[in-house]
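Residue-level listing of the chains:
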Amino acid sequence: MPTLAVDGGAPVRSTLLPYGHQIIDDADIAAVVRVLRSEWLTTGPAVETFEREVAATVGARHAVALANGTAALHAAAFAAGIGPDRGAVTTPMTFAASANCVRYLGGRVQFADVQPDSLNIDPAAVAPLMQDGTAAIIAVDFTGQPADLDELRALADASGACLIEDAAHALGATYGGRPVGSVAHLTTFSFHPVKHITTGEGGIVTTNDERLAARLRLFRNHGITTDARQREAAGSWFYEMTALGFNYRLSDLQCALGSAQLTRLSDWVARRRAIAAHYAAAFADEAALELPSVRPGRDSAWHLYVVRLRLERLTVDRHQVFKALRAENIGVNVHYIPVPWHPYYRDLGFARGGWPVAEAAYERLLSMPMWAGMTDGDVADTVAAVKKVLRAYRR
Ligand SMILES: *Cc1c(COP(=O)(O)O)cnc(C)c1O
């Protein structure tokens with residue numbers, strides 16, 4: 001058996017393969033340079049173009065671009081009416097921003113446990129948490145697999161609440177044949193470089209509701225009712241601030257990059273699906289791995305490929321497997337530490353043990369490298385390193 005790199009042996013590859021990475025080509029660069037030579041650097045025509053293209057891609061009537069995915073969640077929470085008396089229910093198995101957006105507005109957060117297969121929020125756990133003061137359910141499409149959107153939307157509608165779908169992982173996914181972005185009341189996306197397409201930093205919210213779209217636009221521009229370009233076109237100086245908004249605008253520079261990236265989205269999602277299929281075939285006989293599954297009627301966008309270790313089949317814990325794979329230069333990661341475990345939420349009164357499915361899963365999670373620019377050689381290196389490490393630690 002070859003010596004593991006963590007024990008001084010030769011690593012499977014000589015350079016670190018990251019778990020996610022952007023793809024930038026000459027057309028992306030040319031698109032940004034065109035904006036640099038133009039009249040508008042921020043909130044010009046490229047913003048509207050990008051918004052129109054994203055709305056068309058996901059089949060939504062409106063798209064409102066924001067500074068990043070977290071700002072998109074903050075704006076969606078504002079539009080949904082979250083505030084000191086109006087809270088939200090979300091999942092513990094996510095990045096902290098999905099819950100933080102409620103706290104920015106002073107709202108109460110509740111966490112509902114996840115389903116054992118998908119690790120998506122469980123509607124059966126959400127139902128008992130819905131109260132008069134619940135303004136929103138914030139679901140996350142974990143790893144790119146859509147949550148139970150119909151059931152969650154029905155729960156939200158029954159309480160006069162909004163379903164906010166944090167689809168940071170799910171651009172390009174479908175649910176019952178419909179693209180993610182057209183199903184929930186409000187759907188948020190992120191264009192951080194590890195996501196499906198990038199604008200550097202960036203985000204967007206899609207909705208079919210004109211009133212919600214107007215609230216989003218207000219919130220991203222200080223709560224002011226018109227933007228500078230509209231005022232210039234109207235030859236007017238007058239404006240009014242009607243709510244406490246932010247400067248959460250996404251610039252023309254970034255939107256031009258987003259439009260150039262969006263033309264390759266379907267190719268990139270197809271490549272992610274092919275990598276997921278390759279992993280599934282290569283790992284099928286690994287007794288120490290529990291592989292991700294996708295429920296019928298949905299297509300995952302495969303932002304992440306998250307396996308669960310069967311620790312009872314191994315002589316070591318997840319931390320040691322993680323360290324051994326990093327030593328082989330495979331950039332594995334862990335998504336996610338349950339949000340209520342973070343000290344900020346602990347200080348709000350959340351105690352461990354309230355979300356047994358998410359918490360038990362967390363100890364076993366490992367994210368494999370997954371991005372559209374991975375070569376077949378990168379995929380083969382990952383498979384070889386995982387097999388090498390699991391063989392060494394087999395019980
Ligand atoms: C990336 C991500 C965000 C935040 O997006 P940013 O653009 O980094 O602010 C929010 N929620 C989830 C689930 C994410 O993966």
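Above this text you will find the structure in question.
Residues numbered from 1 in each chain as written. Predicted model: local features only at pLDDT ≥ 70, side-chain atom pairs only at ≥ 80, totals over all residues. Heavy atoms only, no water.

Asker: Just to check I follow, could you spell out unusual backbone geometry for this structure?
Answerer: Both trends apply: most residues other than glycine have a negative phi, and most peptide bonds are in trans. Cis geometry is found at the peptide bond from H335 to Y336, where omega equals 5 degrees. Relative to the helices and strands, Y336 is located in the loop between helix 11 (318–327) and helix 12 (343–347). In this structure, T143 is a non-glycine residue whose phi angle is positive, near 70 degrees. Along the chain, the position of T143 falls in the loop between strand 4 (134–140) and helix 6 (149–158). For W302, which is not a glycine, the phi torsion comes out positive at approximately 50 degrees. Looking at the element boundaries, W302 is found in the loop between strand 11 (298–299) and strand 12 (305–309). A relative accessible area of 12% places W302 in the buried class. (Helix = DSSP H or I, 4+ residues; strand = E, 2+ residues; numbered from the N terminus. Buried < 20%, exposed > 50% of the residue type's maximum accessible area, 1.4 Å probe, protein only.)

Asker: Would you mind showing me how to read the nonpolar core here?
Answerer: One broad rule of soluble globular proteins: the nonpolar side chains tend to lie buried together. L66, I82, M93, F111, I138, I164 and L186 are the most contacted members of the largest nonpolar core, which has 52 residues in total. Of all the elements, helix 3 (residues 69–79) adds the most residues to this core, at eight residues. Not counting residues within four places of it along the chain, the set of residues in contact with M93 comprises V114, L119, F142, H335, Y336, A358, Y362 and L365. If you look at the next biggest cluster of nonpolar residues, it comprises 33 residues, including V307, L314, L325 and M370. (Core = buried A, V, L, I, M, F, W, Y, C linked by side-chain atoms within 4.5 Å. Contact = heavy atoms within 4.5 Å.)

Asker: So what exactly am I meant to see when it comes to the sheet that holds strand 4 here?
Answerer: Across a sheet, paired strands are connected by hydrogen bonds in the backbone, their directions being either parallel or antiparallel. The strand order across the open sheet built from seven strands is 1-9-8-5-4-2-3, with neighbouring strands paired in mixed fashion. Edge positions in the open sheet fall to strand 1 (62–66) and strand 3 (109–111), since each of these has one partner strand only. For this sheet, the mean angle separating the axes of adjacent strands, direction not counted, is 20 degrees. Sheet analysis places strand 2 (residues 87–90) next to strand 3, joined by three bridges and oriented parallel. By the bridge assignment for strand 3, V89 is matched with Q110. Lying over the sheet, helix 3 contacts strand 1, strand 4, strand 5 (162–166), strand 8 (186–190) and strand 9 (203–207), oriented at roughly 165 degrees with respect to strand 8. (Pairing = 2+ DSSP bridges. Axes fitted to C-alpha atoms, helices over the stretch in contact; angles between N-to-C directions.)

Asker: Honestly, the pattern of salt bridges in this entry has me stumped. Any pointers?
Answerer: A pair can form between side chains of opposite charge whenever their charged atoms are brought close. This model, assessed by the stated rule, comprises 16 salt bridges. R13 is paired through a salt bridge with D378; the nearest N and O atoms lie 2.8 Å apart. Residue R13 is located in the segment before helix 1 (26–36), and its partner D378 is located in helix 14 (residues 376–392); the two are separated by 365 residues in the primary sequence. In this structure R13 comes out as buried when scored by relative accessible area, which is 14%. Residue D378 is classed as buried on the basis of its relative accessible area, which comes to 12%. One salt bridge in this structure joins E51 and R220, with 2.9 Å as the shortest N-O distance. Of this pair, E51 sits in helix 2 (residues 45–58) while R220 sits in helix 7 (residues 210–220); the two residues are 169 residues apart in sequence, bridging distant segments of the chain. The same class applies to E51 as to R220, namely buried. (Salt bridge = Lys/Arg side-chain N within 4 Å of Asp/Glu carboxyl O.)

Asker: Help me understand the pairing of strand 13 (residues 365–368) in this model?
Answerer: The two faces of the sheet receive side chains in turn, since in a regular strand these alternate between them. The alternating pattern of strand 13 places L365 and S367 on one face and L366 and M368 on the opposite face, and all of these are buried. Here strand 12 runs beside strand 13; their pairing, made up of four bridges, is antiparallel. Bridge pairing in strand 13 links Y305 to M368.

Asker: Quick question: what am I supposed to make of the environment of A351 here?
Answerer: Examined against the element boundaries, A351 turns out to sit in the loop between helix 12 and helix 13 (356–362). The class for A351 is exposed, based on a relative accessible area of 51%. It is 38 Å that separates the C-alpha atoms of A351 and N208, two residues lying 143 residues apart in sequence.

Asker: Would you mind going over the packing of helix 3 against helix 4 (residues 97–104) with me for this structure?
Answerer: Any two packed helices are characterised by the angle at which their axes cross and by the distance between the axes. Between helix 3 and helix 4, whose axes approach to 9 Å, the crossing angle comes to 45 degrees. With respect to helix 4, the element helix 3 is oriented oblique. With respect to the hand of their crossing, helix 3 and helix 4 are arranged in right-handed fashion. Between helix 3 and helix 4, the contacting residues are T70, L73, H74 and A77 on the first element and A97, S98, C101 and Y104 on the second. When grouped by side-chain class, the residues that make up the contact of helix 3 with helix 4 number five nonpolar, three polar and no charged. (Parallel < 35°, antiparallel > 145°, perpendicular 65-115°, else oblique. Left-handed = near helix turned anticlockwise from the far one by under 90°. Nonpolar A, V, L, I, M, F, W, Y, C, P; charged D, E, K, R; others polar.)

Asker: Explanation requested: the site of the ligand in the structure shown.
Answerer: The local shell around the ligand holds 15 residues, among which G69, T70, D166, S190 and K195 are the closest. With respect to the ligand, the backbone of G69 contributes an N or O atom lying 2.7 Å from an oxygen atom. For the ligand, an oxygen atom lies 3.4 Å from a polar atom in the side chain of Y336. Protein coverage of the free-state accessible area of the ligand, which is 380 Å², stands at 91%. Among the elements that line the shell around the ligand, the one with the most residues is helix 3, at three residues. Along the lines of polarity and charge, the residues of the shell around the ligand split into five nonpolar, eight polar and two charged. (Near = heavy atom within 4 Å. Polar contact = N/O pair within 3.5 Å; in protein donor to acceptor, adjacent residues only side chain to side chain. Areas by Shrake-Rupley, 256 points an atom, 1.4 Å probe, with all protein chains shown as cover.)

Asker: When you look at the packing of helix 2 against helix 9 (residues 252–262) in this model, what are you seeing that I'm missing?
Answerer: Interhelical geometry of helix 2 versus helix 9 gives an angle of 35 degrees and a closest axis separation of 8 Å. In this structure, the crossing between helix 2 and helix 9 has a hand that is left-handed. Along the contact surface, helix 2 presents P45, A46, V47, T49, F50, E53, V54 and T57, while helix 9 presents D252, C255, A256, G258, S259 and L262. When the residues that make up the contact of helix 2 with helix 9 are grouped by side-chain class, the tally is eight nonpolar, four polar and two charged.

The values are spatial; any link to function lies outside them.
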